[in-house]
Amino acid sequence: FQTFQHYFIQINLSTMALRACSTRAGQIDAVLAQLRQQLETLKGRGTLVKNTSEYKKQLLSENRLLKEQVEGAKRALYNAEVMNGRKQVALPNSGVEAAVAKPAPVKPAPVKPAPVAAAMTEQQQKQQPKKQQKKGGAPKNQPAKPGADAAPVDVSRLDMRVALIVSARRHPDADGLYLEEVDCGEEKPRQVISGLVKHIPIEEMQNRPCILMCNLKPAKMRGIMSHAMVMCASTPEKVEILTPPPGSKPGDRVTVEGFTGTPDEQLNPKKKVFEAVQPDFLVSPTGQALYKGVPWKVNGAAVTAPSMRVCGIK
């Protein structure tokens, strides 16, 4: 009897183990089905990227965009603090660099001329500059003539003027562009192309005052030359044309106090002067156009944005 009872107990335990295995197998199948469903959902949304190189390019592009946004936020914060009178203090890169004093410059010891040079005859000394002129023009020790490249890279290099958009129509070969005739105080209006179709209705482009960037190199846009650029307050979502002060007229210059240089006749695209200056353009919380915290002015009055605040200018 005991042997039978022991055998019966073993059978019951085996049956329970089989039931537990069956239950666990069912749970595993349910989890696998759920994972398959989530995988299909992710594929349907395009979250999974089959091509690793494309995924890497996507990450690099997002990283570059984030860096640009961070730099833009830093510039906006800097301009806002300067505008509010907060003093900016330059900090060293690390404590170690701050603690280490820069070594005093060592003056090179004077070098005595070699005996051969001292023995040069007067006739050879007279002939030497002539040989240099034949080889490469002026002698090497002749100072270079100052030119446009010696000018500081700041807003004074830009020729910005009050202008009037006399008329605007759609570009014949581009849905997002306006083709405009703009009076900037010259003998004839300039032909200007602007990508403002998505932001400003064509009715509001007629007889509209603006600020015009006049010394960019003319560029062809969809087969038609553009000879200037309309300056606008700008974010990725919204764009507004900057407004000249009341009483100004086409041809009046935009100035910034403290930057009194002469505008280039035409900016050299290779020097990227505008690209270096533009990041310091900002619309203040009160709507004034600023360069490094200093307002743009025309005849002493400020250039403004109609409604946008604390944003960039392009």
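Just so it is clear, the structure is predicted and the values come from calculations on it, not from any experiment.

What counts and how
- Residues numbered from 1 in each chain as written.
- Predicted model: local features only at pLDDT ≥ 70, side-chain atom pairs only at ≥ 80, totals over all residues.
- Heavy atoms only, no water.
- Pairing = 2+ DSSP bridges.
- Helix = DSSP H or I, 4+ residues; strand = E, 2+ residues; numbered from the N terminus.
- pLDDT = per-residue confidence, 0-100.
- Contact = heavy atoms within 4.5 Å.
- Buried < 20%, exposed > 50% of the residue type's maximum accessible area, 1.4 Å probe, protein only.
- Phe/Tyr/Trp six-rings, centres within 6.5 Å; stacked < 30°, edge-to-face > 60°.

## Some words on the sheet that holds strand E1 (residues 160–170)
Spatial ordering of the open sheet is given by E3-E2-E1-E4-E7, a layout of five strands whose pairing is antiparallel. Two strands lie at the open edges of the sheet, namely strand E3 (190–194) and strand E7 (229–230), each paired on one side alone. Direction of pairing for E1 relative to strand E4 (residues 208–213): antiparallel, over a ladder of six bridges. Paired with Ile-165 across the two strands is Arg-208, which belongs to E4.

## Considering the confidence of the model for the protein
A residue-level look at the protein finds 68% of positions with pLDDT of 70 or above and a mean pLDDT of 80. Contacts of residues 91–103 to residues separated by more than four positions or lying in other chains number one contact, the stretch itself having pLDDT below 50. Contacts from residues 114–119, a stretch scored under 50 in pLDDT, to residues over four places away or in other chains number zero contacts.

## Brief notes about the pairing of E3
With four of five residues buried, E3 lies mostly within the body of the structure. Strand direction decides the pairing type here: strand E2 (residues 178–183) and E3, joined by five bridges, are antiparallel. When the bridges of E3 are listed, Glu-181 appears paired with Gln-191. As consecutive antiparallel partners, E2 and E3 are separated by six residues, and within that stretch Gly-185 has a phi angle of approximately 90°, a positive value.

## Some details on unusual backbone geometry
The phi torsion at Lys-272 lies on the positive side, around 55°, for a residue other than glycine. As for its placement among the helices and strands, Lys-272 is situated in the loop between strand E10 (255–256) and helix H6 (273–277). The phi dihedral of Val-310 falls on the positive side, at around 50°, and the residue is not glycine. Turning to its location among the elements, Val-310 is positioned in the loop between strand E14 (301–302) and strand E15 (312–313).

## Notes on the packing of aromatic side chains
Tallied over the entire structure, the rule returns three aromatic pairs. Centroid distance Phe-259 to Tyr-291: 4.9 Å. Interplanar angle 75°. Geometry classified as edge-to-face. Taken together, the residues span a long stretch of sequence, with Phe-259 in the loop between E10 and H6 and Tyr-291 in strand E12 (residues 289–291) at a distance of 32 residues. Taking the relative accessible area as the measure of exposure, Phe-259 reaches 22% and is therefore partly exposed. On the basis of relative accessible area, Tyr-291 is assigned to the buried category, the value being 1%. Judged by centre distance (5.9 Å) and plane angle (70°), the ring pair of Phe-281 and Tyr-291 falls under edge-to-face. You can see Phe-281 sitting in strand E11 (residues 281–283) and its partner Tyr-291 sitting in strand E12, a full 10 residues away along the chain. Accessibility classification places Phe-281 together with Tyr-291 in one group, the buried group.

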